[in-house]
Amino acid sequence: MSLDTNYKISKTGNAYILYDAAIIAEPALQIFDADYHTNKQAQQNNSTAGATSAKTGIGRARVVYFTHDDKALVLKHYYRGGAVASLLKDRYLGFSVVKTRAFKEWRLLKKMQQLGLPVPRAVAAHVKKSLLSYTADLITEEIKQATTLADILSETRIESAQWRKIGDCIRLFHQHDVYHADLNARNILLAATAQHPRPETGEVYLIDFDNSGFRPGSGSWKMANLARLKRSLLKFKRSHAGFNFDEADWSALLAGYKGGVAE
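On a predicted model such as this, the values are computed, not experimentally measured, just so you know.

Rules behind the numbers
Residues numbered from 1 in each chain as written. Predicted model: local features only at pLDDT ≥ 70, side-chain atom pairs only at ≥ 80, totals over all residues. Heavy atoms only, no water. Helix = DSSP H or I, 4+ residues; strand = E, 2+ residues; numbered from the N terminus. Contact = heavy atoms within 4.5 Å. Areas by Shrake-Rupley, 256 points an atom, 1.4 Å probe, with all protein chains shown as cover. Phe/Tyr/Trp six-rings, centres within 6.5 Å; stacked < 30°, edge-to-face > 60°. Buried < 20%, exposed > 50% of the residue type's maximum accessible area, 1.4 Å probe, protein only. Axes fitted to C-alpha atoms, helices over the stretch in contact; angles between N-to-C directions. Parallel < 35°, antiparallel > 145°, perpendicular 65-115°, else oblique. Left-handed = near helix turned anticlockwise from the far one by under 90°. Expected span 1.5 Å × (residues − 1). Arc of directions from axis to C-beta. Pairing = 2+ DSSP bridges. Salt bridge = Lys/Arg side-chain N within 4 Å of Asp/Glu carboxyl O.

The next subject is the overall build of the chain. When its secondary structure is counted, the chain shows 7 helices and 13 strands. Within the chain, counting contacts between residues at least 6 apart in sequence, those at least 24 apart form 65% of the total. Total accessible area on the chain stands at roughly 13200 Å², and carbon and sulfur atoms take up 50% of it.

What characterises a pair of aromatic rings is the spacing of the ring centres plus the angle enclosed by the ring planes. All chains considered together, the criterion is met by 7 aromatic pairs. On the numbers, 5.7 Å between centres and 55° between planes, the contact of Trp 163 with Phe 245 is tilted. Remark: Phe 245 occurs in the loop between α6 (219–239) and α7 (247–259) and Trp 163 occurs in helix α5 (residues 160–175); sequence separation between them is 82 residues. For the pair formed by Trp 163 and Phe 245, the shared burial category is buried. Centre to centre, the rings of Phe 245 and Trp 250 are 6.5 Å apart; their planes meet at 80°, and the pair counts as edge-to-face. Take Trp 250: its relative accessible area is 6%, and that puts it in the buried class. Taken together through their ring pairs, the aromatic side chains of Trp 163, Phe 245 and Trp 250 make up a single cluster.

Glancing now at the packing of α6 against α7. How two helices pack is summed up by the angle between their axes together with the distance between the axes. Interaxial distance between α6 and α7 falls to 12 Å at its minimum, and their mutual angle equals 155°. Put simply, α6 runs roughly antiparallel to α7. Crossing hand, α6 versus α7: right-handed. Residue-level contacts link Lys 222, Met 223, Leu 226, Leu 229, Lys 230 and Leu 233 of α6 to Glu 247, Trp 250, Leu 253, Leu 254 and Tyr 257 of α7.

The next subject is α7. Across its 13 residues, α7 extends 18 Å between first and last C-alpha, which sits within 8% of the 18 Å expected from 1.5 Å per residue. Turning to α7, its buried residues number three or more, namely Asp 249, Trp 250, Ala 252, Leu 253, Gly 256 and Tyr 257. Along the axis of α7, the buried positions cluster into a sector of 160°, meaning they face one direction only. Along α7, exposed side chains directed more than 90 degrees from the buried face belong to Lys 258 and Gly 259. Contact partners of the buried residues in α7: α5 and α6.

Moving on, we get to the pairing of strand β12 (residues 203–206). Covered by surrounding structure in β12 are Val 204 and Leu 206 only, the residues Glu 203 and Tyr 205 on the alternate face being uncovered. Of the strand pairs in this sheet, strand β11 (residues 188–191) and β12 are connected by 4 bridges, and their pairing is antiparallel. Paired with Leu 190 across the two strands is Val 204, which belongs to β12.

Turning our eyes to something else, we now look at the sheet that holds β11. With antiparallel pairing, the 3 strands of this open sheet are ordered in space as β9-β11-β12. The outermost strands of the open sheet, each flanked by one partner alone, are β9 (146–148) and β12. The average angle at which neighbouring strand axes cross in this sheet is 30°, direction not considered. In the packing of α5 onto the sheet, the strands contacted are β11 and β12, and the crossing angle to β12 comes to about 40°.

Attention now moves to the side chain of Ser 232. Relative to the assigned elements, Ser 232 resides in helix α6. For Ser 232, a relative accessible area of 11% corresponds to the buried category. Sequence-distant contacts of Ser 232, defined by excluding residues within four places in its chain, comprise Asn 184 and Ala 185.

Moving on, we come to the pairing of strand β5 (residues 71–77). Look at any regular strand and the pattern is simple: side chains alternate between the two faces of the sheet. With 6 of 7 residues buried, β5 lies mostly within the body of the structure. Pairing between β5 and strand β8 (residues 133–141): 5 bridges, direction antiparallel. Counted as the bridge partner of Lys 76 is Leu 138 from β8.

So, on to α6. In a regular helix each residue adds 1.5 Å, so 21 residues correspond to 30 Å; α6 covers 30 Å between its end C-alpha atoms and thus fits that length. Regarding α6, the residues found buried are Trp 221, Lys 222, Asn 225, Leu 226, Leu 229, Ser 232, Leu 233 and Phe 236. Taken down its axis, α6 places every buried residue within 150° of arc, on the same side. Among the exposed residues of α6, those pointing more than 90 degrees away from its buried face are Ser 220, Arg 231, Lys 235, Arg 238 and Ser 239. Residues of α6 that are buried make contact with α4 (149–155), α5, β10 (178–179), β11 and α7.

Under the counting rule described, the total for this entry stands at 14 salt bridges. Among the salt bridges present, the one from Arg 157 reaches Asp 249, with a minimum N-O distance of 2.8 Å. With Arg 157 in the loop between α4 and α5 and Asp 249 in helix α7, the pair connects residues that are 92 residues apart, well separated along the chain. Among the salt bridges present, the one from Arg 198 reaches Glu 200, with a minimum N-O distance of 2.8 Å. For Arg 198, a relative accessible area of 46% puts it in the partly exposed group. Each member of the salt-bridge network shares a partner with another, and the members are Lys 76, Glu 105 and Asp 208.

Laid out in structure tokens, this is it:
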């Protein structure tokens, strides 16, 4: 699939930026600086309501919400997981800029957007290279009035129709052979709309496609993807008192996955 002519790469020293010129003019390195945004927030809070906020909870990343040219954006910094996290923290091994995690996720988001899948809109990816490794950031457009499935279930139940809608959403990705490497209850967003003013009845999105990609159609990895999500939900249920999930909810999700959402 060819990339749009609006997709550009700029280079400053050892820093590379891949961006969509139709969304944002050539971005300065400053826009990828989380401290810049949080300091700006602190300054704004001294005089008026701030427009930026630092949050956690999407994958392993530190996530910063901010505005730029009147656009609501989200900055994600890539952090290592697993046993090497304490040693390498946010550094990844690699020589090729185009094969870095940030550039690959940015391009994947663009391809999924072209397919009409419900994902955040990719804005810019940043990679800072050293001799053998790199650090990386990704900026996407914010999905307004959205809450993670995990946070919603910590507060309230959702109806069977919404569980079927979640299953239907996952089915759409699998029909296009999109493999989500970390499908869990924090990487599913429910967003309020004019028709559905509460997130728990709203539209469904998938987020955080780090290390994900297209895979040939196979029932085995798709079933494993669903199993990973169920393990995530059960883990939340074990660790959070009153977490609103049971087998009937899972059955409704599977019904949506297998047959779609009835009109």
